[in-house]
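Inside the fold
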Amino acid sequence: MAPTGLQREAKMPARRVSIARAEPTADEAKAGSITELREAAKSCRRCPLWRDATQTVFGEGPDDAQVVFVGEQPGDQEDLAGKPFVGPAGRVFDAILDDAGVDRQKVYVTNAVKHFKFEPRGKRRIHSKPNAGEIQACRWWIDQEFDLIKPNIAVALGATAATSLLGKAVPVMKMRGQVIEREDGLRVFVTIHPSLILRIREPADKQAERDRFLDDMRKVKRLMAA
Ligand code: SF4
């Protein structure tokens, strides 16, 4: 059958991947709801990141959302607020979702890793990238978020999210705009993390990257209903 316009546009599905699920520890049981899961994650000790962070920053949004956006990890402001996507990158993300016509109240946002990893530098806490072991440990939570929400589409925002959702490191820039179908049927749309837009200094380049991300979010909006 010839691909539809949407399949051509989003190159869907580019391939099908299988991933190994995270195993429970001895005292863990599957949660029956997002509320239960959020509560259980507050005392998670699956990796060392809980030690220095303020709190677990769990996902937020409707538990029947059509789309789940997955970022990397909470930043400094998210760590203090206990809420995902409320820092500078979150504000950029909100504005672009709004431009794309995606209602932020109807989407679920979460992170691949749910504690803030940082290095202290004077009074500042500098973001530090989570490693493969930390990403795999935190898969226990994200797998269950997807089991409970059952969205139409997952959006991997950046390399850490793509690694978590696809079970291996992937070249995000090369795969940007592609939809990968997992063996369990979850479709994963790959794009950049909005913090990349913030890091670009040259105004024209920054605007071009914002436009590309806006285009990605418009594709996601169409995929949500597909
Ligand atoms: S980062 Fe994830 S796996 Fe590690 S302690 Fe926090 S919630 Fe648990």
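This text goes with the structure placed above it.
Residues numbered from 1 in each chain as written. Predicted model: local features only at pLDDT ≥ 70, side-chain atom pairs only at ≥ 80, totals over all residues.

Quick notes on the overall build of the protein chain
If you tally the helices and strands in the protein chain, you get 9 helices and 8 strands. In terms of overall dimensions, the protein chain is globule-like: its C-alpha atoms have a radius of gyration of 17 Å, near the 17 Å expected for 226 residues. Taken along the three principal axes of its C-alpha coordinates, the protein chain extends 50 × 40 × 30 Å. Expressed as a percentage of its 226 residues, the buried residues of the protein chain come to 39%. Residue pairs in contact within the protein chain that sit at least 24 positions apart in sequence constitute 74% of those at least 6 positions apart. (Helix = DSSP H or I, 4+ residues; strand = E, 2+ residues; numbered from the N terminus. Rg over C-alpha atoms; globule rule 2.2 N^0.38 Å. Buried ≥ 20, exposed ≤ 12 C-beta atoms within 10 Å, placed from the backbone. Contact = placed C-beta atoms within 7 Å.)

Topic: unusual backbone geometry
Unlike most non-glycine residues, F85 shows phi in positive territory, near 60°. Positionally, F85 belongs in the loop between α3 (76-81) and α4 (88-100). You will see that K150, though not glycine, has its phi angle at about 50°, which is positive.

Quick word on the sheet that holds strand β8 (residues 187-191)
As summarised here, the arrangement of the 6 strands in space is β1-β7-β8-β6-β2-β3, forming an open sheet in which the pairing is mixed. Sheet topology places β1 (16-17) and β3 (108-111) at the edges, where each strand pairs with a single neighbour. Two strands pair when backbone bridges link them, and strand β2 (residues 67-71) and strand β6 (residues 153-157) are joined in this way by 4 bridges, in the parallel orientation. Its bridge partner being in β6, V70 is matched across the sheet by A156. (Pairing = 2+ DSSP bridges.)

Examining helix α6 (residues 159-166)
Taking burial as the measure, the 8 residues of α6 include 8 buried ones, the bulk of the element. Downstream of α6 by one or two residues, G167 has phi in the positive range, about 80°.

Some remarks on the pairing of strand β7 (residues 179-182)
Here β1 pairs with β7 via 2 bridges, running parallel. Counted as the bridge partner of V17 is R182 from β7. Two elements, β7 and β8, share 3 bridges in a ladder whose sense is antiparallel. In the strand pairing of β8, I180 is matched with V188.

Let's talk about helix α5 (residues 132-149)
Given a rise of 1.5 Å per residue, 18 residues ought to cover 26 Å, and the 25 Å separating the end C-alpha atoms of α5 matches this to within 8%. Of all bends in α5, the biggest is about 40°, found at R139. Turning to α5, its buried residues number three or more, namely E134, I135, A137, C138, R139, W140, W141, I142, Q144, E145 and I149. Check the buried side of α5 and you find it contacts α2 (34-41), β2, β3 and α6. (Expected span 1.5 Å × (residues − 1). Bend = angle between axes of the 7 residues up to and from the residue.)

Quick notes on the nonpolar core
Counting 52 residues, the largest nonpolar core has V70, C138, A154, V155, A156, V188 and F189 as the members making the most contacts within it. It is α5 that contributes the most residues to this core, 7 residues altogether. Other than its neighbours up to four places away in sequence, C138 contacts R46, C47, A112, V113 and K114. (Core = buried A, V, L, I, M, F, W, Y, C linked by C-beta atoms within 7 Å.)

Things to note about the site of the ligand
Around the ligand, 15 residues are found, and the nearest of them are C44, R46, C47, H115 and C138. With 4 residues, the single largest contributor to the shell around the ligand is α5. When the residues that make up the shell around the ligand are grouped by side-chain class, the tally is 9 nonpolar, 2 polar and 4 charged. (Near = placed C-beta within 6 Å. Nonpolar A, V, L, I, M, F, W, Y, C, P; charged D, E, K, R; others polar.)

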